[in-house]
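Summary of the model geometry
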Amino acid sequence: VLVTTLVLDVLQIAFFWIVLQRNNCQIKLVKADARLVRNILKYCAPMAVFTMVNALNRDMDKYLISMMTDTETLALYANASKQLPFDILMASFCTVLIPYITGYISEQKKEQAVSLYKSFLEITYISTGVLCGAALAAAPQLMKLLYSNKYSEGLWIFVVYILVDLFRFTNITLILSAAGKTKILMLLGVCSLGCNAALNIVLYHCMHLIGPAIATLL
């Protein structure tokens, strides 16, 4: 798997290089401007912290379950809380729209940025809502289809995590990252991690297994 990934990465770089050469875009490392490194790191370092914190935040409930329960319960919870690809359209649109929104914000064309983001939200909440609504309507059957009857006890955790996926369209990282406000993103990520950790503990003791799932939703 690792060798295949490496080969694909090399082929992708070669493809980009050929396309750039054909479009008369010459890449010469000797002409790189080292003075830009500071600005790049100033943007990227907080973004890297946010990405790392976000990954921890997403799995915080699983860490708590692993501490408090046995392996079988953790397996039940981990399967029931697995992220499903309801946000496939949202992720696709994000990839395409980031350059446009970034351009509008940098050029102070705020009305165009707002209009584009509004259209993006409408498309994503409608598409995500339809998929999640269908999954909620057939949650018991979908749970059995994906994980067999063995994990049916985790149905309510599965339902809560469908709601988590439903609310992903409200993510504001697209705008903040496009505006270069990565420090705010980093602070939001750290605060969210702290709140999530506290809620996980409180709700686990109040509601047992479903508590950490509700904490993630909140």
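Residues numbered from 1 in each chain as written. Predicted model: local features only at pLDDT ≥ 70, side-chain atom pairs only at ≥ 80, totals over all residues. Heavy atoms only, no water.

Digging into the packing of aromatic side chains
We count it as follows: Side-chain rings of Phe, Tyr and Trp (the six-membered ring for Trp) are treated as a pair once their centres are within 6.5 Å; stacked means planes under 30 degrees apart, edge-to-face means over 60, and tilted covers the remaining angles. Buried means the residue's accessible area, taken with a 1.4 Å probe over protein chains only, is under 20% of the maximum for its type, while exposed means over 50%, and partly exposed covers the values in between.
According to the stated counting rule, one finds 3 aromatic pairs in the structure shown. When the ring of Phe 15 is compared with that of Phe 16, the centres are 6.1 Å apart and the planes differ by 50°; the resulting orientation is tilted. Note on Phe 15: relative accessible area 51%, which makes it exposed. With relative accessibility at 44%, the residue Phe 16 sits in the partly exposed group.

Quick notes on the nonpolar core
Selection rule: For the purposes of this section, nonpolar cores are sets of buried Ala, Val, Leu, Ile, Met, Phe, Trp, Tyr and Cys residues that join through side-chain atoms within 4.5 Å. The way it works is that DSSP assigns letters per residue, a run of H or I at least four long becomes a helix, a run of E at least two long becomes a strand, and they are numbered from the N terminus.
Counting residues in each nonpolar core, the largest one holds 24 residues, and the members touching the most others are Tyr 77, Ile 157 and Phe 158. Listing elements by their share of this core, those giving two or more residues are α2 (36-68), α3 (71-80), α5 (110-137), α6 (139-147) and α7 (155-166). Counting residues per element, this core draws most heavily on α7, which supplies 8 residues. Judged by nonpolar contacts, the second largest core, of 8 residues, contains Ile 101, Tyr 117, Phe 120 and Ala 178.

Examining α3
Applicable threshold: What the arc describes is the spread of directions from the helix axis to the C-beta atoms.
Here α3 has its buried residues at Leu 76, Tyr 77, Asn 79 and Ala 80. Seen along its axis, α3 keeps its buried residues to an arc of 165°; they face one direction.

Looking at the confidence of the model for the chain
Heads up, the rule is: Every residue is assigned a pLDDT by the predictor, reflecting its confidence on a scale from 0 to 100.
Put simply, the chain has an average pLDDT of 88, and 100% of its residues get 70 or more. Mean pLDDT across the elements of the chain bottoms out in helix α8 (residues 173-178) (80) and peaks in helix α1 (residues 2-22) (94).

Some remarks on α1
Where we set the bar: The span you would expect from a helix comes to 1.5 Å times its residue count less one.
Between the first and last C-alpha of α1 there are 30 Å, a value that for 21 residues agrees with the 30 Å anticipated at 1.5 Å per step. Of the residues flanking the end of α1, it is Asn 24, one or two places downstream, whose phi is positive at about 60°.

Structural notes on the pattern of salt bridges
Note the threshold: Each reported salt bridge corresponds to a side-chain nitrogen of Lys or Arg within 4 Å of a carboxyl oxygen of Asp or Glu.
If you walk through the whole model with that rule in mind, you get 5 salt bridges. Residue Asp 59 is joined to Lys 62 by a salt bridge in which the shortest nitrogen-to-oxygen separation is 3.6 Å. Taken as a pair, Asp 59 and Lys 62 lie in helix α2 at a separation of 3 residues, close to a single helical turn. With a relative accessible area of 24%, Asp 59 lands in the partly exposed category. Overall, Lys 62 belongs to the buried group, its relative accessible area being 17%. Across the salt bridge formed by Lys 62 and Asp 61, the nearest N and O atoms sit 3.7 Å from each other. Each of Asp 59, Asp 61 and Lys 62 takes part in one network of salt bridges that share partners.

Examining unusual backbone geometry
In the Ramachandran plot, Asn 24 falls in the positive-phi region, its phi being about 60° despite a non-glycine side chain. Position of Asn 24 among the secondary structure elements: in the loop between α1 and α2. Despite not being glycine, Ser 148 has its phi angle at roughly 75°, a positive value. Within the secondary structure layout, Ser 148 lies in the loop between α6 and α7. Exposure remark for Ser 148: the relative accessible area of 35% places this residue in the partly exposed category.

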